[in-house]
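Topology and contacts: notes
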Amino acid sequence: MSEIALHNTHSEEHHAEAPVYTSTGTPMGKVFMWLFLCQDALMFMGFFAAYISVRIGAGDLWPGPENHAHGIEHYPLDIPLTAINTFVLICSSVTMVMAVQAATFKNIKKTIMWLLVTVVGGSIFLGVQYGEYSHLILKDHMGMGNSLFDATFFSLTGFHGIHVFSGVLYLLALTIALWMGPLDKHKKDNYWFINLFRLVCLGVTVFLFIGPTKTWPGLPHVLIPLVAGAAPYIFVRGISWFRKRQDTAEVVEIAGLYWHFVDLIWIILFTLVYLI
Amino acid sequence: MEHAPVNHTKTYITIFIALAVLTLIEVGMTMVGMPKTPMVILLIALALVKAGLVAVYFMHLKYDSGFLSVIAYAPLAVASILILMLSLEWAFQPHWIF
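Model, not experiment: these values are computed from the prediction.

**Here we look at a nonpolar patch on the surface**
Residue and element names in this part refer to chain A. The grouping of Ile162, Phe165, Val206, Phe209, Ile210, Val222, Leu223, Leu226 and Val227 at the surface amounts to a nonpolar patch, some 760 Å² of accessible area in total. Among the elements of the structure, α6 (148-179), α7 (192-210) and α8 (220-243) are those that each provide at least two residues to the nonpolar patch. Looking at which element gives the most residues to the nonpolar patch, the answer is α8, with four residues. Here Phe165 shows up in helix α6. The exposure class assigned to Phe165 is partly exposed, which follows from its relative accessible area of 34%.

Structure representation (structure tokens):
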């Protein structure tokens, strides 16, 4: 029995270089990314459905761009600026697809370049969204508790913004992993400063969660420890995770699936929240 | 299982131009002050076309095995239930767009 087990372990190690495929001939990682996107799409659908039913209920009271055009009501959302932002996100989707293509042609330098351009695109999107939020909150005095318009706007665009933020970190970690050299399952990157950094991140997360943010009400109590401590931890953990993959093209393609999904959701969100 | 890589750059550029033009048309429609009902229907249709282009070409549903398309289109079944329930709300709130 133990001999068989030993033999199996040995043969698994021997074939470890071959990518893992499901019985349908599709790589395992891709199938699971699609399953994740499927449940994420369901989550967004819940948000969209809630938004649409709230809007139908509000009827003509809901501020819209056409009210704004006729000067009836003040419409706080800046459509031209967001249209440019949409364009930036579409551009980043194209650069991502170019990165995937470069990876399938095993051109790592071009892959890294296109990935970096995508990260820059995502960061510009986040920067514009930050500017938009601060304008809406400080100048127009919008806030989660003010009205259904404000609450649905911030929850929909904020939930999407968290996706873009995660995507930027995801792609940046992948870029750094590729830049460090070819991905290799048997490589052991075990640097003391990375381990120390991860420990510090964990400490910061726990400290912020039980410490100073406890007095701050609501979302910041959760969000600030997540962004300041947990996100850098997962980021560094992600780099070493990517370093131990074997098929570069597959890893980049799976990252691309996530990024395109974020773009796809924004296309629908932009129409529903801003234009209609 | 391995396929020879195919260069899709031309397709990607075409899709990019289509997405950019469709976005311009969408923004233009809100600027000219169209009547609300046709505008809402057109805007949603354009958004679905754009989302479809991204899923089919950028997310490679066209080139990958049909199994992935089954996973990808599964949420649409739930979406149709949501649309059905929301259309009931439409029926009782006729003042909105219909």
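Anyway, onward from the coordinates.
**Looking at the interface of chain B and chain A**
The interface of chain B with chain A comprises 48 residues on the first partner and 49 residues on the second. At the surface where chain B touches chain A, the tally comes to one salt bridge. Here chain B is connected to chain A by seven residue pairs in polar contact (both at pLDDT 80 or more). It is helix α3 (residues 66-92) of chain B that contributes the most residues to the side of chain B that touches chain A, 13 residues altogether.

**Things to note about the environment of His60(B)**
Looking at where His60(B) falls in the secondary structure, it is placed in the loop between α2 (36-58) and α3. In this structure His60(B) touches Val100(A), Glu253(A), Tyr12(B) and Ala55(B), once residues within four positions along its chain are discounted. There is a polar contact of 2.7 Å between the side chain of His60(B) and the side chain of Tyr12(B).

**Observations concerning the nonpolar core**
Core analysis: the biggest nonpolar cluster contains 95 residues, and Trp34(A), Met96(A) and Phe153(A) have the highest contact counts within it. Examining the composition of this core, we find that 21 residues originate from one element, helix α9 (residues 248-275) of chain A, more than from any other. Here this core spans two domains, since at least three of its residues come from each of domain 1 (1-64) and domain 2 (65-98) of chain B. Ignoring anything within four residues of it in the chain, the contact list for Phe153(A) reads Leu77(A), Glu132(A), Tyr133(A), Leu136(A), Met142(A), Gly158(A), Val273(A) and Tyr274(A).

**Focus: the packing of helix α4 (residues 79-104) of chain A against α9(A)**
All names here are of chain A. Orientation of α4 relative to α9, taken along the N-to-C sense of each, is 165 degrees, at an axis distance of 9 Å. In terms of axis orientation, α4 runs roughly antiparallel to α9. Judged by the sense of rotation from one axis to the other, the crossing of α4 with α9 is left-handed. Class assignment of the residues belonging to the contact of α4 with α9 gives a composition of 18 nonpolar, seven polar and two charged.

**So, the pattern of salt bridges**
Overall, the coordinates contain three salt bridges over all chains when judged by the stated rule. Two residues, Glu253(A) and Lys30(A), come together in a salt bridge whose shortest N-O distance is 3.0 Å. Within this pair, whereas Glu253(A) is found in helix α9, its partner Lys30(A) is found in helix α2 (residues 28-58), the two being separated by 223 residues in sequence. Like Glu253(A), the residue Lys30(A) is buried in the burial classification. Measuring nitrogen to oxygen at the nearest pair gives 3.0 Å for the salt bridge that ties Lys30(A) to Asp64(B).

**Focus on the confidence of the model for chain B**
Where the model shows low pLDDT, its predicted coordinates should not be examined in detail. Of the residues in chain B, 91% reach a pLDDT of 70 or more, and the chain-wide mean stands at 85. For chain B, α3(B) is the element with the lowest average pLDDT, namely 83, and helix α1 (residues 9-31) of chain B is the one with the highest, namely 93.

**A closer look at the domain arrangement of chain B**
Residue and element names in this part refer to chain B. You can read the domains of chain B as domain 1 (1-64) and domain 2 (65-98). Placing a centre on the C-alpha atoms of domain 1 and another on those of domain 2 gives a separation of 20 Å. Listed per partner, the contact involves eight residues of domain 1 and nine residues of domain 2. Of all residues in domain 1, the largest losses of buried area upon contact with domain 2 belong to Thr37, Leu61 and Asp64, amounting jointly to 66% of the total for that side. Counting every contact that joins domain 1 to domain 2 gives zero salt bridges. Remark: the boundary between domain 1 and domain 2 carries zero residue pairs in polar contact (both at pLDDT 80 or more).

**Some thoughts on the packing of helix α5 (residues 108-138) of chain A against α6(A)**
Residue and element names in this part refer to chain A. As a packed pair, α5 and α6 sit with axes 9 Å apart at the nearest point and diverge in direction by 155 degrees. As the angle between them shows, α5 and α6 are arranged roughly antiparallel. α6 is crossed by α5, and the crossing has left-handed handedness.

**Comments concerning α5(A)**
Residues and elements named next belong to chain A. Given a rise of 1.5 Å per residue, 31 residues ought to cover 45 Å, and the 44 Å separating the end C-alpha atoms of α5 matches this to within 8%. Residues of α5 that are buried: Thr111, Ile112, Leu115, Thr118, Val119, Gly121, Gly122, Phe125, Gln129, Glu132, Tyr133 and Leu136. Among the structural elements, α4, α6 and α9 are those in contact with the buried residues of α5.

**Regarding the side chain of Thr111(A)**
Residues and elements named next belong to chain A. Note that Thr111 resides in helix α5. Looking at Thr111, its side chain comes within polar contact range of the main-chain oxygen of Asn107, at 2.6 Å. For Thr111, the contacting residues outside a window of four places in its chain are Ala99, Ala102, Ala103, Leu178 and Val252.

Calculation criteria
- Residues numbered from 1 in each chain as written.
- Chains lettered and ligands numbered in written order.
- Predicted model: local features only at pLDDT ≥ 70, side-chain atom pairs only at ≥ 80, totals over all residues.
- Heavy atoms only, no water.
- Patch = residues over 30% accessible without salt bridge, like charges linked within 9 Å, V, L, I, M, F, W, Y side chains within 5 Å.
- Areas by Shrake-Rupley, 256 points an atom, 1.4 Å probe, with all protein chains shown as cover.
- Salt bridge = Lys/Arg side-chain N within 4 Å of Asp/Glu carboxyl O.
- Helix = DSSP H or I, 4+ residues; strand = E, 2+ residues; numbered from the N terminus.
- Buried < 20%, exposed > 50% of the residue type's maximum accessible area, 1.4 Å probe, protein only.
- Contact = heavy atoms within 4.5 Å.
- Polar contact = N/O pair within 3.5 Å; in protein donor to acceptor, adjacent residues only side chain to side chain.
- Core = buried A, V, L, I, M, F, W, Y, C linked by side-chain atoms within 4.5 Å.
- Domains from an automatic or database assignment.
- Axes fitted to C-alpha atoms, helices over the stretch in contact; angles between N-to-C directions.
- Parallel < 35°, antiparallel > 145°, perpendicular 65-115°, else oblique.
- Left-handed = near helix turned anticlockwise from the far one by under 90°.
- Nonpolar A, V, L, I, M, F, W, Y, C, P; charged D, E, K, R; others polar.
- pLDDT = per-residue confidence, 0-100.
- Buried area = accessible area lost by both parts, 1.4 Å probe.
- Expected span 1.5 Å × (residues − 1).

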